[in-house]
Amino acid sequence: MARLRVAVLISGRGSNLQALLDACGEGGFPAEIVLVLSNRPDAAGLDRARRAGVPTRILDHKVFASREAFDEAMDGLLRTASADLVCLAGFMRLLTPGFVQAWQDRLINIHPSLLPSFKGLHTHRQALDAGVTIHGCTVHFVTADLDAGPILVQAAVPVHPDDDEDSLAARVLEAEHRIYPLALRWLGEGRISTENNRVRVSNGTAAIYPLINPAA
Ligand code: GRF
């Protein structure tokens with residue numbers, strides 16, 4: 001079967017991009033990254049793509065007159081690359097409704113919280129402030145509403161009593177690097193369907209052991 005052609009949109013460090021690159025480098029993985037696009041010329045993730053031999057493009061949002069013009073240019077590059085799927089991986093730009101509509105069901109994001117809790121920025125600070133003892137990350141389809149859209153997969157991590165934003169972020173990031181490739185694998189294998197805002201993974205297994213924190 002043909003591999004899913006994936007474009008990854010980044011703005012910075014690119015550790016999730018790296019996890020996707022590593023997965024796509026495994027034999028038999030059902031997806032390949034055909035383009036890495038950054039809105040920031042200095043994004044460290046661009047070097048990760050170059051090292052992996054993946055084509056990169058930079059679209060500096062600052063040189064565009066409007067969000068619409070920027071998104072149109074992006075759309076053009078994605079179509080030229082014949083992308084089947086777009087993965088947002090630390091892409092720090094709000095997308096226009098037109099772009100989201102054009103890529104509906106073919107646009108996914110990773111967010112560092114257990115959605116629908118803690119949308120937006122500074123999710124680890126939000127989690128610490130709320131006093132939750134379990135936090136995590138979510139891969140979801142992108143819809144017009146920010147950090148909403150059908151959920152593909154989530155991972156939970158415990159919050160430790162002495163955590164600060166950095167230690168909690170590091171623990172969540174490890175989980176991100178596990179679930180983003182997993183979601184991509186399922187999409188590549190054609191195992192994902194969506195109905196009434198709920199995602200079904202065919203042949204998926206629900207985890208049966210709850211994560212309880214603090215433990216007794
Ligand atoms: C990740 O925490 C991701 O969930 C969020 O932005 C961060 C990007 O990190 N959307 P990286 O660039 O993938 O290392």
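What comes next concerns the included structure.

## With respect to the sheet that holds strand β1 (residues 4-10)
Point 1. Strand order in the open sheet formed by 7 strands is β3-β2-β1-β4-β5-β6-β7, and the pairing between neighbours is mixed. In this open sheet, the two edge strands, each paired with only one partner strand, are β3 (56-58) and β7 (151-158). Direction aside, the axes of adjacent strands within the sheet are offset by 20° on average.
Point 2. As judged from the 4 bridges shared by strand β5 (residues 107-111) and strand β6 (residues 134-141), these two strands associate in the antiparallel manner. Residue pairing for β6: Ile110 is matched across the bridge by Val139.
Point 3. In this fold helix α1 (residues 15-24) packs onto β1, β2 (31-38), β4 (85-88) and β5, with an angle of close to 155° to the strand it touches most, β2.
Point 4. In the packing of helix α3 (residues 67-80) onto the sheet, contacts are made with β1, β2, β3 and β4, and the angle to β2 comes to roughly 150°.

## Some thoughts on the packing of aromatic side chains
Point 1. Going through the model one piece at a time under the given rule, you end up with 2 aromatic pairs.
Point 2. Where Phe64 meets Phe70, the ring centres are 5.5 Å apart and the plane angle is 75°; that geometry is what we call edge-to-face.
Point 3. Residue Phe64 is classed as partly exposed on the basis of its relative accessible area of 23%.
Point 4. A residue is classified by how much of its surface remains accessible, and Phe70, at 2% relative accessible area, is buried.

## Overview of the environment of Arg57
Point 1. If you trace the backbone, Arg57 turns up in strand β3.
Point 2. A relative accessible area of 44% places Arg57 in the partly exposed class.
Point 3. Arg57 sits 117 residues away from Glu174 along the chain, and the two C-alpha atoms are 27 Å apart.
Point 4. The contacts of Arg57, once residues within four sequence positions are left out, are Leu35, Val36, Leu37, Ser38, Leu46 and Leu77.

## Things to note about helix α6 (residues 165-188)
Point 1. Its 24 residues give α6 an end-to-end C-alpha distance of 34 Å, which sits within 8% of 34 Å, the value for a rise of 1.5 Å per residue.
Point 2. Regarding α6, its N-cap is Asp164, as a side-chain oxygen of that residue lies 3.1 Å from the backbone nitrogen of Asp166 further along.

## Some words on the site of the ligand
Point 1. Near the ligand the following residues occur: Arg13, Gly14, Ser15, Asn16, Gly90, Ile110, Pro112 and Glu176.
Point 2. The backbone of Gly14 places a nitrogen or oxygen atom 2.8 Å from an oxygen atom of the ligand.
Point 3. Here the shell around the ligand is built from residues that sort into 2 nonpolar, 4 polar and 2 charged.

## As for unusual backbone geometry
Point 1. Across the junction of Leu115 and Pro116, the peptide omega takes the value 10°, indicating a cis bond.
Point 2. Inspection of the secondary structure puts Pro116 in the loop between β5 and α5 (123-130).
Point 3. Cis geometry marks the peptide bond from Asn213 to Pro214; its omega dihedral reads 0°.
Point 4. Assignment of secondary structure puts Pro214 in the segment after β9 (198-201).
Point 5. One non-glycine residue, Asp105, adopts positive backbone phi at about 70°.
Point 6. Among the structural elements, Asp105 can be located in the loop between α4 (97-102) and β5.
Point 7. For Phe118, which is not glycine, the phi torsion reads 60° and is therefore positive.

Parameters at a glance
Residues numbered from 1 in each chain as written. Predicted model: local features only at pLDDT ≥ 70, side-chain atom pairs only at ≥ 80, totals over all residues. Heavy atoms only, no water. Pairing = 2+ DSSP bridges. Helix = DSSP H or I, 4+ residues; strand = E, 2+ residues; numbered from the N terminus. Axes fitted to C-alpha atoms, helices over the stretch in contact; angles between N-to-C directions. Contact = heavy atoms within 4.5 Å. Phe/Tyr/Trp six-rings, centres within 6.5 Å; stacked < 30°, edge-to-face > 60°. Buried < 20%, exposed > 50% of the residue type's maximum accessible area, 1.4 Å probe, protein only. Expected span 1.5 Å × (residues − 1). Polar contact = N/O pair within 3.5 Å; in protein donor to acceptor, adjacent residues only side chain to side chain. Near = heavy atom within 4 Å. Nonpolar A, V, L, I, M, F, W, Y, C, P; charged D, E, K, R; others polar.

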